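Each chain, letter by letter, is given below.
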Amino acid sequence: MNKNAPIGVFDSGIGGLTVAREIMRQLPEERIVYFGDTARLPYGNKSKDTVIRFSKQIVRFLKTKQIKAIVVACNTASSYALDALREDEDIPVIGVINAGARTAVASTKNGKIGVIGTVGTIQSGAYNEVLKELKPDVEVFGKACPLFVPLVEEGLFHDSVTDEVASRYLSVLKEKYVDTVVMGCTHYPLIRSTIARIMGSDVTLINPAYETAVQLRTLLRSMEMNCDEGQELTLDEKYQFYVSDMAEKFRDFATSILPEEVKKTVQINIEEY
Ligand code: DGL
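Conventions used here
Residues numbered from 1 in each chain as written. Predicted model: local features only at pLDDT ≥ 70, side-chain atom pairs only at ≥ 80, totals over all residues. Heavy atoms only, no water. Phe/Tyr/Trp six-rings, centres within 6.5 Å; stacked < 30°, edge-to-face > 60°. Helix = DSSP H or I, 4+ residues; strand = E, 2+ residues; numbered from the N terminus. Buried < 20%, exposed > 50% of the residue type's maximum accessible area, 1.4 Å probe, protein only. Lys NZ or Arg CZ within 6 Å of the ring centre and 35° of its normal. Core = buried A, V, L, I, M, F, W, Y, C linked by side-chain atoms within 4.5 Å. Contact = heavy atoms within 4.5 Å. Salt bridge = Lys/Arg side-chain N within 4 Å of Asp/Glu carboxyl O. Near = heavy atom within 4 Å. Polar contact = N/O pair within 3.5 Å; in protein donor to acceptor, adjacent residues only side chain to side chain. Areas by Shrake-Rupley, 256 points an atom, 1.4 Å probe, with all protein chains shown as cover. 1 Å grid on protein atoms, 1.4 Å probe; cavity = no way out; pocket = protein on both sides within 12 Å on 5 of 7 lines; lining within 4 Å. Sits in = over half its atoms within 2 Å of the grid points. Nonpolar A, V, L, I, M, F, W, Y, C, P; charged D, E, K, R; others polar.

Participant: How should the packing of aromatic side chains be read in this particular structure?
Facilitator: In this description, an aromatic ring pair is defined by two values, namely the gap between the centres and the angle between the planes. The tally for this structure, following the rule as stated, stands at ten aromatic pairs. Judged by centre distance (5.1 Å) and plane angle (85°), the ring pair of phenylalanine 148 and tyrosine 188 falls under edge-to-face. Taken together, the residues phenylalanine 148 in helix H7 (residues 148-153) and tyrosine 188 in the loop between strand E7 (180-184) and helix H9 (192-199) connect sequence positions 40 residues apart. For the residue pair phenylalanine 148 and tyrosine 188, the accessibility class agrees, reading buried in each case. Ring-pair connections join several aromatic residues into one group, and the members of that group are Phe35, Phe61, Tyr242 and Tyr273. A cation over a ring is seen here: arginine 40 above phenylalanine 54, with NZ or CZ 3.7 Å from the ring centre.

Spelled out as structure tokens, the structure:
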């Protein structure tokens, strides 16, 4: 295995860019191949079997790029497909659930943790399971927020519609006096300021992306698989972006949230994999 090979990162769409951004920040020497399944988004209201099938197709595509590790930068795919992917793969596969749960358990003081995510992530109980494993006496309150993903995809980050929807969704968590909320969907950090304002300054918001990048760095170092430093690579060689639809919209969005301009996004037919 080539230690200078890229890391494969995928999501149902743009949300996983919040994880890619964190990997770029914490592991600046690493190369990334990102895939956003923009043609088949959202994953959050699809069945487990479908999300596993989509995830396996994406991994088959990413492996054509000789990746050395996979980051499932989607909570729904991490909830449903992580075990199935790990069974098949000979390279490390990491998801975002474990990372988010670890940070939440370290943060809570009153033991009441809220988890917001897609219908799939909340129904799967994946966060609940890992949080209870880490700290059996925590109380976990899950709340599916299905309208957040389309609001983010529409770019309504600071908008009265988003405020209204967020107030309605989050009121149940406020009533439970949670002191920590896991943003259990990779889209949600993009409306972090709205969620923070509604939950109030006493509540800590957890973005699993940060801890996922920490775990990735630890893993690569332990396997001596981290990239050599000081490689001369152009931005296009370092970071590659693929989608299944709407390449230009994706490229513009990626440029708006990533530290570097994204010049090229390639559309592929993921059903061929
Ligand atoms: N980014 C996905 C997640 O983290 C949510 C978007 C979707 O429903 O596809 O769960």
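Participant: Explain the nonpolar core here, please?
Facilitator: In this structure, Leu17, Phe148 and Ile195 are the most contacted members of the largest nonpolar core, which totals 55 residues. Here isoleucine 195 is in contact with Ile116, Phe148, Leu170, Met183, Tyr188 and Leu205, once residues within four sequence places are set aside. Judged by nonpolar contacts, the second largest core, of 26 residues, contains Tyr43, Val72, Ala81 and Val93.

Participant: Looking at this structure, how should I read the pattern of salt bridges?
Facilitator: Note that side chains of opposite charge can pair when their charged atoms are close. Summed over all chains, the structure comprises 13 salt bridges. A salt bridge links aspartate 228 to lysine 3; its shortest N-O distance comes to 2.9 Å. Taken as a pair, aspartate 228 in the loop between helix H10 (208-222) and helix H11 (235-238) and lysine 3 in the segment before strand E1 (7-11) lie far apart in primary sequence, 225 residues in all. By relative accessible area, lysine 3 is classed as partly exposed at 30%. Across the salt bridge formed by glutamate 271 and arginine 53, the nearest N and O atoms sit 3.9 Å from each other. With glutamate 271 in the segment after strand E10 (266-267) and arginine 53 in helix H2 (residues 48-63), this residue pair connects regions lying 218 residues apart in the sequence. By relative accessible area, glutamate 271 is classed as partly exposed at 46%.

Participant: What is the right way to read the site of the ligand from this model?
Facilitator: The immediate surroundings of the ligand are formed by 14 residues, with Ser12, Tyr43, Gly44, Thr76 and Thr186 found nearest. Between the ligand and tyrosine 43, the relevant distance is 2.6 Å, taken from an oxygen atom to a main-chain nitrogen or oxygen of the residue. Between the ligand and glycine 44 there is a distance of 2.8 Å, counted from an oxygen atom to a backbone nitrogen or oxygen. Relative to its unbound accessible surface of 300 Å², the ligand loses 99% to contact with the protein. In this structure, the ligand is accommodated by the largest cavity. When the residues that make up the shell around the ligand are grouped by side-chain class, the tally is six nonpolar, seven polar and one charged.

Coordinates in, geometry out; function isn't part of it.
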